[in-house]
Amino acid sequence: MANLEDVSNEALMTEMMRRMRCASKPEKRVILIGPPGCGKGTQSPILKESHCLCHLATGDMLRAAVAAQSPLGVIAKQAMDKGELVSDDLVVGIIEEALHRPSCNKGFILDGFPRTVVQAQKLDEMLAKRGEKLDKVLNFKIADSILEERIAGRWIHPASGRSYHTKFAPPKTPGIDDITGEKLIQRKDDNVAVLKSRLESFHKQTSPVISYYERKGLVANLHAEKKPDVVSKEIEKALDFSKSPVNAKQKSLWFS
Ligand code: AP5
């Protein structure tokens, strides 16, 4: 058991309150899918907080492995720097391990996974073994032309994954994280040349994943070009199962 002696009363109480609030929440298993810069990383923390889910972002996990210079990180870095996908085996292994975390007991948000049909099939196998099923695939639909400005202006706080934008979501002080006061950084792959190959990977390898889930009746299409709060509302609607009876043959859901 973890040693809690040095954890502050305030932190313990906050966690107790969070667990009490989360106890009544229904389980949910959600995938966020869309091109680089579409807003997956912006919406995930909001969704995690409101639905008490764990947030598994393969990009963040891989960047942590690269920063730690672990054997996995050394392999992943080569593909990531070029904007290519890392191998299916590598990311499937990471997700399989992460799903055992206690924080994933109420369900999960998968952000950036699966990105190939092979990864989607492996995820189906993993969930079948656990006796679980996916509830929804949120498809962040957006034109490529909007993404360059979003990616070029993005700054992140590496420790928390918090994302800012010089124009659309500026921090209170330029270059500084609002919460911790620590420095913000720009990602190495956030430049126009690498974005081009990331988009190519998305259209070639990840678009078929959307069709895969459309055939299963799981996809809700979002207007990801709209403002973040509008996108958040569309997500809440898509995840409100109390009003829409589950229908496996249901066509893709569009918001008007
Ligand atoms: P990953 O880290 O997953 O990157 P990505 O999918 O390219 O997505 P991003 O993080 O760039 O974009 P986002 O949608 O989160 O956008 P954000 O919300 O920040 O992957 C990186 C690499 O890892 C891959 O290239 C690959 O090599 C590897 N990898 C990862 N997973 C893999 C897998 N499963 N298999 C193989 N390889 C894998 O928004 C962007 C900016 O826009 C922000 O500045 C934000 O403030 C702003 N913004 C957000 N929403 C809005 C809005 N509605 N209006 C205006 N501005 C907005």
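All values reported here derive from a predicted model rather than from experimental measurement. Every chain is numbered on its own, with residues counted from 1 as its sequence reads. Only residues with pLDDT of at least 70 are given local features in this predicted model, and only at 80 or more are side-chain atom pairs given and counted; all residues enter the totals for whole chains, interfaces and linings. As a convention, hydrogens and water are excluded, and side-chain values are obtained from all of the structure's heavy atoms.

Student: Looking at this structure, I do not really get the UniProt feature "domain: Adenylate kinase active site lid" (unreviewed entry) in the protein. What am I missing?
Tutor: UniProt positions are given in the numbering used here, feature names are shortened, and annotations may be inferred rather than shown by experiment. The UniProt record marks residues 154-189 with the feature "domain: Adenylate kinase active site lid" (unreviewed entry), using the residue numbering of this structure. Under the DSSP-based scheme used, a helix requires at least four consecutive residues in state H or I and a strand at least two consecutive residues in state E, with every element numbered from the N terminus. Annotated as residues 154-189, this span is 0% helix and 22% strand, and its ends, taken at the C-alpha atoms, are 11 Å apart.

Student: When you look at a nonpolar patch on the surface in this model, what are you seeing that I'm missing?
Tutor: A surface patch of nonpolar side chains, amounting to about 210 Å² of accessible area, comprises Leu4, Val7 and Leu12. By the element assignment, Leu12 lies in helix α1 (residues 9-23). Patch rule: a residue counts if its relative accessible area is over 30% and it has no salt bridge; like charges are joined within 9 Å, and nonpolar side chains (Val, Leu, Ile, Met, Phe, Trp, Tyr) within 5 Å. Under the convention used here, a 1.4 Å probe and the Shrake-Rupley method define accessible areas, while residue burial counts only the protein chains that appear. What makes a salt bridge here is a side-chain nitrogen of Lys or Arg within 4 Å of a carboxyl oxygen of Asp or Glu, nothing more.

Student: I would appreciate a short explanation of the nonpolar core in the present structure.
Tutor: In a soluble, globular protein the nonpolar side chains are often hidden away together inside. Joining through side-chain atoms within 4.5 Å is the link that ties buried Ala, Val, Leu, Ile, Met, Phe, Trp, Tyr and Cys residues into a set, and such a set is a nonpolar core. Exposure categories follow from relative accessible area, calculated using a 1.4 Å probe and restricted to protein chains: below 20% of the type maximum is buried, above 50% is exposed, and the middle band is partly exposed. If you look at the biggest cluster of nonpolar residues, it comprises 34 residues, and the most contacted ones within it are Ile31, Leu56, Leu62, Leu110, Leu123, Leu134 and Tyr213. Contributing elements (two or more residues each) for this core: β1 (28-33), β2 (54-57), α3 (58-67), α4 (71-82), α5 (88-98), β3 (107-111), α6 (117-130) and α8 (192-214). Here the element with the most residues in this core is α5; it accounts for 6 residues. Aside from chain neighbours lying at most four places away, what touches Ile31 is Leu110, Phe113, Pro114, Leu123, Leu134, Lys136, Val137, Leu138 and Tyr213. Core analysis: the second largest hydrophobic core is formed by 20 residues, Val30, Leu138, Ile151 and Leu239 among them. In this description, contact between two residues means that some pair of their heavy atoms is separated by no more than 4.5 Å.

Student: Please explain the pattern of salt bridges as it appears in this structure.
Tutor: Two side chains of opposite charge can pair, provided their charged atoms sit close to one another. In total, this model carries 19 salt bridges according to the counting rule given. In this structure, Lys167 and Glu149 form a salt bridge, with 2.8 Å as the shortest nitrogen-oxygen distance. Of this pair, Lys167 sits in the loop between β6 (162-165) and α8 while Glu149 sits in helix α7 (residues 144-152), and the two are 18 residues apart along the sequence. When its relative accessible area of 54% is taken as the criterion, Lys167 is described as exposed. For Glu149, a relative accessible area of 41% corresponds to the partly exposed category. The salt bridge involving Arg187 is made with Asp189; its shortest N-O contact spans 3.0 Å. When its relative accessible area of 16% is taken as the criterion, Arg187 is described as buried.

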